[in-house]
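So the chains spell out like this:
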Amino acid sequence: MKQIAAMPGVTATATVCDNLALFGGDPDRDDFDTREVWDPSEAEFALTQAIAIMVRGIAIEGTQLHDELEPLLWGLANMLHAQVQRLDRGVDRLVPGMRDLERAQDGTEIAALELQKLTDRAHNLGHRRDAFEALRDTAAEAYLRHTGETWRPRHGSHTSQTRALTSAAIDARDFLRARRDRRNRAHLPAGTLVAIAGGKEIADTRIVWATLDNARAKYADMVLVHGGGPGTEKIAASWADARGVHQIVCRPNWDAHGRAAPFRRNDELLNLLPKGIIAFPGSGVTANLVDKARQLGIPVHRVSPSSASAA
């Protein structure tokens, strides 16, 4: 809490009262918090100004630091995203205690007050989480505006409960967990899952866009599934951003599976049971995905090397 120095001849109690009158008092952890969560207009204005300073005052065009603009803006959005995740975990930690208190209610005022305080704290953390999510989305919009690329975290999902994203990118593991959990099914992208795979090198991006446009013409509610890699999959992600198509990203977990990570990723992708696979020329990992999909009876549409290199 901010403080003002005690004036000569003024008691400590009077100084504390003046501080409370001027700046308010921070509630203790077990007290109800009646403060406003945030000032959206002031906070978003401050963030916008900070981004403008980074663009115009730090990463000035024509200087070497301009080359660092993309990682600077990415890191800003990622920092706010980390706050969202931290507050999400804070709410999750409170939920078991709330359930225990609900089951243990005996009609006494003390038990009811404890539950009310814990519920209040969970709600407050949830509102703070939403505030940081709105700020993260503002930073993500600036990233898109200045770099031409859609911001995504390196791990996990990029969804928004506070804004309607035209193209949300959802991690495959989050998708599977949510599909098993009825409470989260409302947050799943509804539609027909169509997967795409292919190599890092491709002669013409237009063939990827044209192929995906044809798939979407067949499945108007199409949801794109891909591995989040370079080349074909990055082009496909750009197509989804431009078309407003939701994405499910199934990245290899190198830390957990080492060299087997791409093949384990193929298994996880197929566990989503996509309607079909669009396979561009690629490595043995792509071939492995195609073979496993056919064994499961999932249709595969192969784009031949000649058509992939055609204009």
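What counts as what
- Residues numbered from 1 in each chain as written.
- Predicted model: local features only at pLDDT ≥ 70, side-chain atom pairs only at ≥ 80, totals over all residues.
- Heavy atoms only, no water.
- Helix = DSSP H or I, 4+ residues; strand = E, 2+ residues; numbered from the N terminus.
- Expected span 1.5 Å × (residues − 1).
- Buried < 20%, exposed > 50% of the residue type's maximum accessible area, 1.4 Å probe, protein only.
- Core = buried A, V, L, I, M, F, W, Y, C linked by side-chain atoms within 4.5 Å.
- Contact = heavy atoms within 4.5 Å.
- Phe/Tyr/Trp six-rings, centres within 6.5 Å; stacked < 30°, edge-to-face > 60°.
- 1 Å grid on protein atoms, 1.4 Å probe; cavity = no way out; pocket = protein on both sides within 12 Å on 5 of 7 lines; lining within 4 Å.
- Points joined across faces, edges and corners; volume = space filled by probe spheres on them.
- Nonpolar A, V, L, I, M, F, W, Y, C, P; charged D, E, K, R; others polar.
- Patch = residues over 30% accessible without salt bridge, like charges linked within 9 Å, V, L, I, M, F, W, Y side chains within 5 Å.
- Areas by Shrake-Rupley, 256 points an atom, 1.4 Å probe, with all protein chains shown as cover.
- Salt bridge = Lys/Arg side-chain N within 4 Å of Asp/Glu carboxyl O.
- Lys, Arg positive; Asp, Glu negative; His and termini not counted.
- Charge placed at Lys NZ, Arg CZ, Asp CG, Glu CD.
- Pairing = 2+ DSSP bridges.

Draft legend 1. Spotlight on helix α7 (residues 232–243). The end-to-end C-alpha separation of α7 is 16 Å, in line with the 16 Å expected for 12 residues at 1.5 Å each. Of the residues making up α7, those classed as buried are Thr232, Glu233, Ile235, Ala236, Ala237, Trp239 and Ala240. Positive backbone phi, at 70°, marks glycine 244, one or two positions downstream of α7.

Draft legend 2. A look at the nonpolar core. Leu47, Ile51, Leu73, Leu76, Ala139 and Trp151 are the most contacted members of the largest nonpolar core, which has 17 residues in total. Among the secondary structure elements, those contributing two or more residues to this core are α2 (40–58), α3 (69–103) and α4 (109–147). Discounting residues that sit within four places of it in the chain, isoleucine 51 has contacts with Leu73, Leu76, Ala139, Ala142 and His146. With 16 residues, the next largest nonpolar core counts Val208, Ile235, Val245 and Ile278 among its residues.

Draft legend 3. Geometry of the packing of aromatic side chains. As enumerated under the stated definition, the model contains one aromatic pair in all. Their ring planes at 40° and their centres at 6.4 Å tell us that tryptophan 74 and tryptophan 151 sit as a pair that is tilted. Separated by 77 residues along the polypeptide, tryptophan 74 in helix α3 and tryptophan 151 in the loop between α4 and β1 (169–171) bring together distant segments of the chain. For the pair tryptophan 74 and tryptophan 151, one class covers both residues: buried.

Draft legend 4. Quick look at the layout of surface pockets. Taken as a whole, the second largest pocket holds about 870 Å³ of empty space. Broken down by secondary-structure element, the contributors of at least two residues to the lining of the second largest pocket are α3, β2 (192–197), α7, α9 (261–271) and α10 (284–295). Of the residues belonging to the lining of the second largest pocket, the class tally is 16 nonpolar, 11 polar and 10 charged.

Draft legend 5. View of a positive patch on the surface. A cluster of like positive charges, contributed by Arg86, Arg89, Arg93 and Arg128, occupies part of the molecular surface. Following the sequence through the fold, arginine 89 ends up in helix α3. For arginine 89, a relative accessible area of 45% gives the class partly exposed.

Draft legend 6. Broad picture of the pairing of β2. Burial of β2 is extensive: six of the six residues sit out of reach of the surface. In β2, alternate side chains face the same way, and those of Thr192, Val194 and Ile196 on one face and Leu193, Ala195 and Ala197 on the other are all buried. Pairing geometry for β2 and strand β3 (residues 222–226), over four bridges, is parallel. The residue of β3 that forms the bridge with leucine 193 is valine 223. Here β2 pairs with strand β5 (residues 276–279) via four bridges, running parallel. Bridged to alanine 197 within β5 is alanine 279.

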